[in-house]
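Descriptive structure summary
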Amino acid sequence: AQSVSQHNHHVILSEAASLELGCNYSYGGTVNLFWYVQYPGQHLQLLLKYFSGDPLVKGIKGFEAEFIKSKFSFNLRKPSVQWSDTAEYFCAVNAKGNKLVFGAGTILRVKS
Amino acid sequence: GAGVSQSPSNKVTEKGKDVELRCDPISGHTALYWYRQRLGQGLEFLIYFQGNSAPDKSGLPSDRFSAERTGESVSTLTIQRTQQEDSAVYLCASSLMGSPLHFGNGTRLTVT
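Residues numbered from 1 in each chain as written. Chains lettered and ligands numbered in written order. Predicted model: local features only at pLDDT ≥ 70, side-chain atom pairs only at ≥ 80, totals over all residues. Heavy atoms only, no water.

Here we come to the interface of chain B and chain A. By convention, interface size is frequently given as the accessible area that disappears when the constituent parts associate. Opposite the 20 residues of chain B that make contact, chain A presents 19 residues. With both sides pooled, the region where chain B packs onto chain A buries about 1500 Å², and carbon together with sulfur makes up 59% of that total. Of all residues in chain B, Leu43, Pro100 and Phe103 of chain B bury the most surface against chain A, accounting for 32% of the area lost on that side. Measuring nitrogen to oxygen at the nearest pair gives 3.3 Å for the salt bridge that ties Asp56 of chain B to Lys99 of chain A. In this structure, the connection of chain B to chain A is made through seven residue pairs in polar contact (both at pLDDT 80 or more). Put simply, the parts of the chain that give the side of chain B that touches chain A at least two residues each are β4 (31–37) and β5 (43–50) of chain B. (Contact = heavy atoms within 4.5 Å. Buried area = accessible area lost by both parts, 1.4 Å probe. Salt bridge = Lys/Arg side-chain N within 4 Å of Asp/Glu carboxyl O. Polar contact = N/O pair within 3.5 Å; in protein donor to acceptor, adjacent residues only side chain to side chain. Helix = DSSP H or I, 4+ residues; strand = E, 2+ residues; numbered from the N terminus.)

Moving on: the pairing of strand β8 (residues 64–68) of chain A. Residues and elements named next belong to chain A. Pairing analysis gives three bridges linking strand β7 (residues 56–58) to β8, with the strands arranged antiparallel. Bridge assignment links Leu56 to a residue of β8, and that residue is Glu66. Counting the residues in the hairpin turn of β7 and β8 gives five residues, including Lys61, whose phi is positive at 60°. Where β8 hands over to strand β9 (residues 73–78), the hairpin turn is made up of four residues, of which Phe72 adopts a positive phi near 50°. (Pairing = 2+ DSSP bridges.)

Put simply, chain B has an average pLDDT of 92, and 99% of its residues get 70 or more. Here strand β9 (residues 102–103) of chain B stands out as the element of chain B with the lowest mean pLDDT, 91, in contrast to strand β7 (residues 75–79) of chain B, whose mean of 98 is the highest. (pLDDT = per-residue confidence, 0-100.)

With the rule as written, the count across this model stands at 14 aromatic pairs over all chains. Plain terms: the ring middles of Phe63 of chain A and Tyr89 of chain A are 5.6 Å apart, the flat faces sit at 40° to each other, and that makes the pair tilted. Taken as a pair, Phe63 of chain A in the loop between β7 and β8 and Tyr89 of chain A in strand β10 (residues 87–95) lie far apart in primary sequence, 26 residues in all. The two residues Phe63 of chain A and Tyr89 of chain A agree in class, both being buried. Here Phe90 of chain A and Phe102 of chain A contribute two aromatic rings whose centre-to-centre distance is 6.3 Å and whose plane-to-plane angle is 80°, an arrangement assigned as edge-to-face. Separated by twelve residues along the polypeptide, Phe90 of chain A in strand β10 and Phe102 of chain A in strand β11 (residues 101–102) bring together distant segments of the chain. Taking the relative accessible area as the measure of exposure, Phe102 of chain A reaches 7% and is therefore buried. Through a chain of ring-to-ring contacts, the aromatic side chains of Phe34, Tyr36, Phe51, Phe90 and Phe102 of chain A together with Tyr33, Tyr35, Phe45, Tyr48 and Phe103 of chain B assemble into a single cluster. (Phe/Tyr/Trp six-rings, centres within 6.5 Å; stacked < 30°, edge-to-face > 60°. Buried < 20%, exposed > 50% of the residue type's maximum accessible area, 1.4 Å probe, protein only.)

This paragraph deals with the environment of Leu77 of chain B. All names here are of chain B. Looking at the element boundaries, Leu77 is found in strand β7. With relative accessibility at 0%, the residue Leu77 sits in the buried group. The residues contacting Leu77, other than those within four sequence positions of it, are Val19, Glu20, Leu21, Trp34, Leu46, Ser66, Ala67 and Tyr90.

All names here are of chain A. One pass over the structure, following the stated rule, counts eight salt bridges over all chains. Across the salt bridge formed by Lys58 and Glu64, the nearest N and O atoms sit 2.8 Å from each other. Close ionic contact of Lys78 with Asp85 constitutes a salt bridge, the shortest N to O distance being 2.9 Å. Neither Lys78 nor Asp85 differs from the other in exposure class; each is buried. Residues participating in the shared-partner salt-bridge network are Lys58, Glu64, Glu66 and Arg77.

Quick look at the structure:
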């Protein structure tokens with residue numbers, strides 16, 4: 001069965017610090033990969049996605065993620081975080097045609 | 001256009017009562033998911049409908065939980081004989097197959 005692991009449950013950073021949130025999945029076949037974000041009081045929304053092609057994908061608000069197939073990883077990065085990036089971030093994976101499985105989430109708090 | 005609509009937005013019920021939660025997906029979306037998000041926890045997969053295929057019910061926590069979907073439209077999630085541990089936000093999402101999910105605002109269920 002598919003599973004998704006997010007390594008950190010809580011991350012606290014100062015503004016302008018660099019961010020990297022880890023995500024690993026367990027599934028040997030072809031997958032679609034996603035990062036979703038949930039800002040305080042709002043519903044989940046898509047940050048970025050990988051289906052195929054260039055393994056480095058760019059999302060909204062300066063976020064990017066790199067798919068490393070050999071490591072079954074899809075880590076989220078941002079070079080310089082802002083206070084407005086405070087949110088909960090979810091990695092999600094689905095094998096083609098199968099259900100979408102989410103990680104447990106990482107709560108990011110950015111100190112201004 | 002209209003997004004995913006869930007009703008009610010809030011539901012308070014007494015332990016032992018049955019509740020029914022409704023989800024109106026985006027028109028034309030073949031895939032529909034139900035997730036549960038308990039306070040401070042990640043998204044827990046409940047059930048997945050894809051077109052006319054048999055639903056993936058592997059995430060339903062007990063036989064008190066059931067869900068139906070009429071064709072490619074409305075879905076209802078029913079919880080019978082509610083327990084306090086059922087208190088959570090129940091999220092519905094829809095998508096075209098393999099595409100990113102569009103989430104509703106959720107139904108916050110409180111069992112007293």
